[in-house]
Amino acid sequence: MIEMKNVSKIYRTKFVETHALSDISVTIETGEFVSLMGPSGSGKTTFMNLVGLLDTFDKGTLMLDGEPIDKMSDRRMSRLRNAKIGFIFQSFNLIQDYSVFDNVEMPLRYRGLRANARKEAVKQAVAEVGLSSRIKHYPAQLSGGQQQRVAVARALAGSPRLILADEPTGNLDSAMAMEILDLLERINDSGTTVVMVTHDPVLGNRAARQLNLLDGRLIDVAQIDSHIPLTQASREAHSHVEL
């Protein structure tokens, strides 16, 4: 799904050069669940912006689902992003004046889908996150966990091949965080590739593989041989860990 070879990203001002990523080479296979970990300023956001086609890079090559990105036009990148990538953010990024239905539907409008097709896609995505009974509610009428579920539904509605989740549990308590991780696992089990940024090792260990960044460099890759769901006892133990 993602192949980076010797990718570097440098931010320049008049006086300073900041090497946000330095010579990164990594492959993320289709259907993997990968956590991206590291301290603030390590390059996690830059990594996600490049993979999400929200920013460009200075050196190296990047392939997304078999397509080279380095020479792709902005229009093609926008279409590819809308067709293949779903984004989940820490701050939910819901429009307060829109209902759950409208928030989830909004990205589908850019695809030119007919109203009936959009309606069915929204209903299916909202049902998948367990919020069918709240589809007419507004964000202010929902808990934080429910708002994040809406954000997940919005990402799912377009049937993306890749989900990019940037600290998706950062604004949630530990119980809600585990529910969102359960949901991401179910999405991954259906075949969707998931890349999740997190500071928390408990959450990071829920992924099948962990990538660790420090000062813009990949410093360690830990591989778990098989992705085994947590037992109920393990979930209960995790639920007492403060995130």
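Analysis parameters
- Residues numbered from 1 in each chain as written.
- Predicted model: local features only at pLDDT ≥ 70, side-chain atom pairs only at ≥ 80, totals over all residues.
- Heavy atoms only, no water.
- Helix = DSSP H or I, 4+ residues; strand = E, 2+ residues; numbered from the N terminus.
- Contact = heavy atoms within 4.5 Å.
- Lys, Arg positive; Asp, Glu negative; His and termini not counted.
- Charge placed at Lys NZ, Arg CZ, Asp CG, Glu CD.
- Salt bridge = Lys/Arg side-chain N within 4 Å of Asp/Glu carboxyl O.
- Buried < 20%, exposed > 50% of the residue type's maximum accessible area, 1.4 Å probe, protein only.
- 1 Å grid on protein atoms, 1.4 Å probe; cavity = no way out; pocket = protein on both sides within 12 Å on 5 of 7 lines; lining within 4 Å.
- Points joined across faces, edges and corners; volume = space filled by probe spheres on them.
- Nonpolar A, V, L, I, M, F, W, Y, C, P; charged D, E, K, R; others polar.
- Axes fitted to C-alpha atoms, helices over the stretch in contact; angles between N-to-C directions.
- Left-handed = near helix turned anticlockwise from the far one by under 90°.
- Core = buried A, V, L, I, M, F, W, Y, C linked by side-chain atoms within 4.5 Å.
- Pairing = 2+ DSSP bridges.

Trainee: Give me the overall build of the protein chain: which residues, what numbers.
Mentor: Helix and strand counts for the protein chain come out as eight helices and 10 strands. Each principal axis of the C-alpha atoms in the protein chain carries an extent, and together these give about 50 × 45 × 35 Å. Contacts in the protein chain between residues far apart in sequence, at least 24 positions, make up 71% of those at least 6 positions apart. Across the protein chain, 28 positive and 29 negative side-chain charges occur, with their mean positions spaced 9 Å apart.

Trainee: Give a detailed account of the pattern of salt bridges, specifying residues and quantitative values.
Mentor: Counted under the stated rule, the structure contains 14 salt bridges. Two residues, arginine 12 and glutamate 17, come together in a salt bridge whose shortest N-O distance is 3.1 Å. According to the relative accessible area criterion, arginine 12 is exposed, its value standing at 51%. Residue class for glutamate 17 comes out partly exposed when judged on its relative accessible area of 47%. In this structure, a network of salt bridges that share partners links the residues Asp65, Glu67, Arg76, Lys84 and Arg161.

Trainee: Tell me about the layout of surface pockets, residues and numbers included.
Mentor: Over the atoms rolls a probe the size of a water molecule, and in doing so it shows where empty space is left. There is about 530 Å³ of room inside the largest pocket. The wall of the largest pocket is formed by 21 residues, among which Arg81, Asn82, Ile85, Phe87 and Pro107 lie closest to the centre. Contributing elements (two or more residues each) for the lining of the largest pocket: α2 (74-84), β6 (85-89), α3 (100-109) and α5 (144-156). When grouped by side-chain class, the residues that make up the lining of the largest pocket number 12 nonpolar, five polar and four charged. In this structure, the second largest pocket encloses a volume near 210 Å³. Forming the boundary of the second largest pocket are Ala121, Gln124, Ala125, Glu128, Leu156, Ala157, Ser159, Pro160, Ile187, Ser190 and Thr192. Tallied by class, the residues present in the lining of the second largest pocket amount to six nonpolar, four polar and one charged.

Trainee: Give me the lowdown on unusual backbone geometry, citing residues and values where you can.
Mentor: Phi is positive for asparagine 6, which is not a glycine, with a value near 55°. Here asparagine 6 shows up in strand β1 (residues 2-12). By relative accessible area, asparagine 6 is classed as partly exposed at 41%. Despite not being glycine, phenylalanine 92 has its phi angle at roughly 70°, a positive value. Mapping phenylalanine 92 onto the fold places it in the loop between β6 and α3.

Trainee: If you had to explain the packing of α3 against α5 to someone new, which residues and values would you point to?
Mentor: One way to put it is that α3 packs onto α5 with a least axis distance of 8 Å and a crossing angle of 35°. Here α3 and α5 pass one another in a crossing that is right-handed. Of α5, the residues touching α3 (which contributes Val100, Asn103, Val104 and Pro107) are Val150, Ala153 and Arg154. Looking at the contact of α3 with α5, its residues break down into five nonpolar, one polar and one charged.

Trainee: Before we move on, can you summarise helix α1 (residues 44-51) with the specific residues and values?
Mentor: Each full turn of the α-helix corresponds to 3.6 residues, which orients residues three or four apart in the same direction. Burial analysis of α1 places six of its eight residues in the buried class, the great majority of the element. Taken residue by residue, α1 has Lys44, Thr46, Phe47, Met48, Leu50 and Val51 as its buried positions. Taken from the residues just after α1, leucine 53 is the one with a positive phi, measuring 60°.

Trainee: Now, about the nonpolar core: what can you tell me, with residues and values included?
Mentor: Formed by 35 residues in total, the largest nonpolar core has its most connected members in Val104, Val126 and Leu184. Listed by contribution, the elements that provide at least two residues to this core are α3, α4 (115-128), α5, β7 (162-166), α6 (174-189), β8 (193-197) and α7 (201-204). With six residues, α6 is the single largest residue contributor to this core. With near-sequence residues (within four places) excluded, valine 104 lies in contact with Val122, Ala125, Val126, Val150, Ala153, Arg154 and Ala157. Counting residues in hydrophobic clusters, the runner-up holds 30 residues, among them Phe47, Leu64, Met72 and Met77.

Trainee: I'd like a description of the sheet that holds strand β5 (residues 67-68), backed by residues and values.
Mentor: Where strands meet in a sheet, backbone hydrogen bonds hold them as pairs that are either parallel or antiparallel. Spatial ordering of the open sheet is given by β2-β1-β4-β5, a layout of four strands whose pairing is antiparallel. Of all strands in the sheet, those bounded by a partner on one side alone are β2 (17-28) and β5. Of the pairings in the sheet, the one linking β1 to β2 comprises eight bridges and is antiparallel in character. Of the residues in β2, the one forming a bridge with isoleucine 10 is histidine 19. Lying over the sheet, α1 contacts β1, β2 and β4 (59-64), oriented at roughly 120° with respect to β1.

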